[in-house]
Amino acid sequence: MRFRSRGGDACRPGPSSPSLGGAGLADGAAGRRGGEGGAAAAAAAALSKARPSPRRRRSAEEAGKSGGTRRRAAMAQANFKLLVWFGLLNCLIVCGFAQQGGSNCIKVNAKSCADCIQAGPNCGWCKNISFLQDGESTSARCDDLEVLKTKGCPPDEIENPRGSQQMLKNKEVTNRVKGSSESLRQEDITQIQPQQVALKLRIGEPQTFSLKFKRAEDYPIDLYYLMDLSYSMKDDLENVKSLGTDLMTKMKDITSDFRIGFGSFVEKTVMPYISTTPAKLKNPCTGDLNCTSPFSYKNVLTLTGNGTLFNELVSKQHISGNLDSPEGGFDAIMQVAVCGEKIGWRKDVTRLLVFSTDAGFHFAGDGKLGGIVLPNDGQCHLDNNMYTMSHYYDYPSIAHLVQKLSDNNIQIIFAVTREFQPVYKELKNLIPKSAVGTLSSNSSNVIQLIIDAYNSLSSEVILENTKLPKEVTIEYKSFCKNGVNGTGDEGRKCSNISIGDEVKFEIKVTATQCPEKQLTEPIRIKPLGFTEEVEIKLEFICECECHKEGIADSPLCHNGTFECGACRCKSGRIGKHCECSMDEVNSEDMSGTCRAPNSTEICNNNGECICGQCVCKKRDNPNEIYSGQFCHCDNFNCDRSDGYICGGHGECKCRECECWQNYTGSACECPLDTTPCEAANGQICNGRGTCECGVCNCTDSKFQGPTCELCQTCVGVCMEHKDCVQCRAFAKGEKKNKCQEECSYFNMTLVDHRDKLPQPGDFDAQTHCKEKDIDDCWFYFTYSLESNKPIVHVVKIPECPTGPDIIPIVAGVVAGIVLIGLALLLIWKLLMIIHDRREFAKFEKEKMNAKWDAQENPIYKSPINNFKNPNYGRKAGL
């Protein structure tokens, strides 16, 4: 199978496709109808040489001679045709995709190689100087890679730069085990791999690399305890005073390098958050309570490994007070996050911030109640460990806090009372890598709360990246524990990770367009709450390699650079050789050279006149091309045959078919090969016609069919030789008296049984016959040729029908009549018995229902009347 793509049809069968040309159709017809008499025709032709007066006859028996073989051949050919059509369907699908891809590359109308490779990852640029045809624009050099090859562009002259990746720093993750003798510095512990990657990006072509994360054992932890010291937290402060040493002891089970710090907050020191009377500023509490002056935020203890010092300093703290219920904790969180040096945060550690309160919080906008309108600037304003700008800047917003906590790799734990659990759980959903724990009324469970929250936070890894340039997109895919995978937003994270577990992520970076200037700022990806990160350096492929070999002000280009096989014009210039300015494009003088002689149409309405030359239009199908000096030629308007341009056996050039070898005609529909006209006997059209365009044209009107083998009015071979075979083998029949004169033209052999007759393939042009003689007996014979001499094999004894045996037939009829009579009598007797029983049962029923006595006359009346004396039986004297 051969496929073309420059002609009007992208997929055509070549000359080896028998299902598409006349040859294939003729072969198919011959295969289907060959059993009807191809061999019989050869036998009749041989007989015409052996007899003085030949008669051409055929019969249905001839067709059966070789029908089985030809049917198998026809089925094989039908299967082959099915495979051919299946291949064509696949071709059309593949070419359809190729056209779609090529169309996308063509639609950008690329003027240079750079424009082309930015159109898509499948677009290539042919830099071969002689690639373009007359009338084709420079943009025709840009097309789908496969289409360029089919158009004749050498593969080594197709510009198709591809993206790549390089691992600049790829240190293995650390496998240190807690308690081991191995001593590592903090900066030597690696939990993420790789650390630095360089990507070369081509537009639309993604670059994918794997990122590995493993939680290191015995990883250092810095924990800062930030506590609400408003009056309602008085009993909580007592339990926190011993927190340092107790927490140190518990955390040794997790890490050997643990530090703790402490800070406190109350509220902004302006009305209406606190009372500003002198007495209340000194002691905001009522009665005899000794409270400290109100403040916004105080850093009591920078991070330290001395738990005893923590207990001492916290023991010296006193409760303060304010007026409203929400507290100013957001101010304190902001300062803890941004004042890294003053808080004492280390670089490569896990940073935890415990926020303990029993109230709600103020956020951005609430400062207006106190006349504070300036938004929080997110800067450190600690002076002597006190936040000094609370009266000047508003509370930070939640989004601002999220940003600063993320920038500084701080994971926050909200330790709040049960009353405010719902509020802080909603806040947790807005702050990645945060946790909420229920604080008892006196903070007695704070240590277990911190440990549980730490385990929860550290069991989840969430990747985040810095702000992406508008020209780049990133996709994540996670491969977590137990075969759990995620894509989209779920692809950024893995849960239920234990210490020492390793998870992987697949990062896909894609460039959507070339930047106006080369980006210098890398993209950074890191797990939330960790300081380690992956740095991705980007380089965009926006020019072809051949761009470096460009020749500025080349003689081939009047005002441009010759690069990649074409002229790249300067601004304001146009044309294949940059020979025109934009102002001259539509001038009348130039349009005149774009008209064909005796024509008023510019470029035959199939193109545009640019700089006095026709630039032909592009069609939606990239394989359909206008060409020529005046765009007067195309490769899709040639004559068609069987639905294909040039019958699928030629190439359409300038609206005329250029046929392949062995084909002719205006649509290349006529094969010159005579093989389809060959009959089974090897003759062309059985000698009864001529082969034209691969089809037999029968010269004798009696004959028809693919090889002139059919004759509806001719008698068959069996009928023709029946009488001669009968007279020579059995000495009877119509030719009995003149058998010697008319029936000596063949050699005859007698056989004992039908199985002894010659079988198919034993002789050429063999026919099996079954005929009836004058006695209605069947006799069998074969007629065949050997060296063009007729040979007849006859079964010695005909098969004659025998008469019926009368006695068994009569006996059977009589016996049947007797049996039928007996059966009828039995049925009648059975019916009578059933009837009698029903009548007797009816009589018995009526007898039981009778109401008169069978012993008396029903009309008899007794003459005796009885009367009773009324005084009979009374006592005397009454």
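Parameters and conventions
- Residues numbered from 1 in each chain as written.
- Predicted model: local features only at pLDDT ≥ 70, side-chain atom pairs only at ≥ 80, totals over all residues.
- Heavy atoms only, no water.
- Patch = residues over 30% accessible without salt bridge, like charges linked within 9 Å, V, L, I, M, F, W, Y side chains within 5 Å.
- Areas by Shrake-Rupley, 256 points an atom, 1.4 Å probe, with all protein chains shown as cover.
- Salt bridge = Lys/Arg side-chain N within 4 Å of Asp/Glu carboxyl O.
- Buried < 20%, exposed > 50% of the residue type's maximum accessible area, 1.4 Å probe, protein only.
- Disulfide = S-S within 2.5 Å.
- Helix = DSSP H or I, 4+ residues; strand = E, 2+ residues; numbered from the N terminus.
- Pairing = 2+ DSSP bridges.
- Polar contact = N/O pair within 3.5 Å; in protein donor to acceptor, adjacent residues only side chain to side chain.
- Lys, Arg positive; Asp, Glu negative; His and termini not counted.
- Contact = heavy atoms within 4.5 Å.
- Phe/Tyr/Trp six-rings, centres within 6.5 Å; stacked < 30°, edge-to-face > 60°.
- Core = buried A, V, L, I, M, F, W, Y, C linked by side-chain atoms within 4.5 Å.
- Axes fitted to C-alpha atoms, helices over the stretch in contact; angles between N-to-C directions.
- Parallel < 35°, antiparallel > 145°, perpendicular 65-115°, else oblique.
- Left-handed = near helix turned anticlockwise from the far one by under 90°.
- Nonpolar A, V, L, I, M, F, W, Y, C, P; charged D, E, K, R; others polar.

Caption draft 1: Geometry of a nonpolar patch on the surface. There is a patch of nonpolar side chains on the surface, built from Ile806, Val810, Val814, Val818, Leu819, Leu822 and Leu825 and spanning about 670 Å² of accessible area. Among the residues examined, Val810 registers a relative accessible area of 46% and is labelled partly exposed.

Caption draft 2: Region of interest: the state of the cysteines. Inspection of every chain in the model, using the stated rule, returns 25 disulfides. Two residues, Cys113 and Cys544, share a disulfide whose sulfurs are 1.8 Å apart. Judged by the sign of its S-S torsion, about -85 degrees, the bond between Cys113 and Cys544 is left-handed. Here the residue Cys113 occupies a position in helix 5 (residues 113–117), and Cys544 occupies one in the loop between strand 22 (534–541) and strand 23 (551–552), the gap between them amounting to 431 residues. Judged on exposure class, the residue Cys113 and its partner Cys544 are both buried. In this model, Cys698 is linked to Cys708 through a disulfide, with the two sulfur atoms separated by 2.0 Å. When the S-S torsion is -105 degrees, as for the bridge of Cys698 with Cys708, the disulfide is left-handed. Here Cys698 is found in strand 39 (residues 695–698), whereas its partner Cys708 is found in the loop between strand 40 (703–704) and strand 41 (710–711), with 10 residues between them in sequence.

Caption draft 3: Here's a closer look at the sheet that holds strand 2 (residues 142–144). Pairing is antiparallel in the open sheet, where 3 strands are placed in the order 2-1-3. The sheet is open, and its two edges are formed by strand 2 and strand 3 (158–159), each paired on a single side.

Caption draft 4: Highlighting the environment of Arg655. Examined against the element boundaries, Arg655 turns out to sit in the loop between strand 34 (650–653) and strand 35 (656–659). Measuring from C-alpha to C-alpha, the distance between Arg655 and Phe636 comes to 7.0 Å, with 19 residues separating the pair along the chain. For Arg655, the side chain forms a polar contact with the side chain of Asp634, separated by 2.7 Å.

Caption draft 5: Highlighting the sheet that holds strand 21 (residues 523–527). Pairing is mixed across the open sheet formed by 6 strands, whose spatial order is 4-6-22-21-16-19. Only two strands of the sheet have a single partner each, and these edge strands are strand 4 (164–169) and strand 19 (493–494). Inspection of the sheet shows strand 16 (residues 461–465) paired to strand 19 by 2 bridges, in the antiparallel sense. Bridge pairing in strand 19 places Val461 opposite Cys494.

Caption draft 6: Structural detail: the side chain of Asp324. Along the chain, Asp324 turns up in the loop between helix 10 (307–315) and helix 11 (329–338). Of the side chains bearing the opposite charge, Lys268 lies closest to the buried Asp324, which forms no salt bridge; the N-O distance is 11 Å. Side chain to side chain, Asp324 and His362 meet in a polar contact 2.5 Å long. Beyond its immediate stretch of four places on either side in the chain, Asp324 contacts Glu267, Tyr273 and His362.

Caption draft 7: Spatial organisation of the packing of aromatic side chains. A complete count under the given rule lists 17 aromatic pairs for this structure. With 6.4 Å between their ring centres and 55 degrees between their planes, Tyr224 and Trp345 make a pair best called tilted. Residue Tyr224 is found in strand 8 (residues 221–228), and its partner Trp345 is found in the loop between helix 12 (340–343) and strand 11 (350–357); the two are separated by 121 residues along the sequence. Judged by its relative accessible area of 0%, Tyr224 is buried. You can call Trp345 buried: its relative accessible area is 9%. Through successive ring pairs, a cluster of aromatic residues spans Phe265, Phe330, Phe355, Phe361, Phe363, Phe414 and Tyr424.

Caption draft 8: Here's a closer look at the nonpolar core. Within the largest apolar cluster, 37 residues are counted, with the highest numbers of intra-cluster contacts made by Leu223, Tyr225, Met227, Leu243, Leu247, Phe258 and Phe262. Among the elements that make up this core, the one with the highest residue count is helix 15 (residues 446–458) (8 residues). With residues up to four places along the chain from it excluded, the contact list for Phe262 reads Tyr224, Tyr225, Met227, Val240, Asn299, Val300, Leu301, Phe310, Val314 and Gln317.

Caption draft 9: Region of interest: unusual backbone geometry. Put simply, Gln193 and Pro194 share a cis peptide bond, and its omega is 0 degrees. Residue Pro272 follows Met271 across a cis peptide bond; omega there is 5 degrees. For Asn662, which is not glycine, the phi dihedral falls at a positive 75 degrees. Checked against the element boundaries, Asn662 lands in the loop between strand 35 and strand 36 (663–664). Note on Asn662: relative accessible area 45%, which makes it partly exposed. Of note in the backbone geometry, Asp776 takes a positive phi value of approximately 60 degrees without being a glycine. Mapped onto the secondary structure, Asp776 falls in the loop between strand 43 (764–772) and strand 44 (778–786).

Caption draft 10: Representation of the packing of helix 11 against helix 13 (residues 398–407) within the structure. For the pair helix 11 and helix 13, the least separation of the axes is 9 Å and the interaxial angle reads 25 degrees. In terms of their interaxial angle, helix 11 and helix 13 are classed as roughly parallel. Between helix 11 and helix 13 lies a crossing of left-handed hand. Judged by residue contacts, Phe330, Ile333, Met334, Ala337 and Val338 of helix 11 engage Ile398, His400, Leu401, Lys404 and Leu405 from helix 13. Its residues assigned to classes, the contact of helix 11 with helix 13 comprises 8 nonpolar, 1 polar and 1 charged.

Caption draft 11: How the structure looks around the pairing of strand 21. For strand 21, the buried fraction is high: 4 of the 5 residues fall into the buried class. Across 3 bridges, strand 16 lies against strand 21 in antiparallel orientation. When the sheet's bridge partners are listed, Leu463 is paired in strand 21 with Pro527. In terms of strand pairing, strand 21 meets strand 22 through 3 bridges, oriented antiparallel. Bridging across to strand 22, Arg524 finds its partner in Glu535. The antiparallel pairing of strand 21 with strand 22 creates a hairpin that spans 6 residues between the two strands, and Gly529 there sits at a positive phi of about 90 degrees.

Caption draft 12: Quick look at the pattern of salt bridges. This structure, assessed with the given rule, holds 27 salt bridges. Where Arg655 meets Asp634, a salt bridge forms, and the shortest distance between an N and an O atom there is 2.7 Å. Placement of Arg655 in the loop between strand 34 and strand 35 and of Asp634 in strand 31 (residues 633–634) is noted, with a sequence separation of 21 residues between them. With a closest N to O distance of 3.1 Å, Lys796 and Asp752 form a salt bridge. Here Asp752 lies in the loop between strand 42 (747–751) and strand 43 and Lys796 lies in the loop between strand 45 (789–795) and helix 19 (806–848), a separation of 44 residues in the sequence. In this structure Lys796 comes out as partly exposed when scored by relative accessible area, which is 43%. What makes Asp752 exposed here is its relative accessible area of 53%. Salt bridges sharing common partners tie together Asp222, Asp257, Arg259 and Arg346.

Caption draft 13: Region of interest: the packing of helix 8 (residues 243–251) against helix 15. Across the interface, helix 8 lies against helix 15 with an axial gap of 10 Å and an inter-helix angle of 40 degrees. Taken as axis vectors, helix 8 and helix 15 run oblique relative to one another. Once helix 8 is placed against helix 15, the crossing between them reads as right-handed. In this structure, helix 8 contributes Leu243, Asp246, Leu247, Lys250 and Met251 to the contact, and helix 15 contributes Val446, Ile447, Ile450 and Ile451. Broken down by class, the residue content of the contact of helix 8 with helix 15 amounts to 7 nonpolar, no polar and 2 charged.

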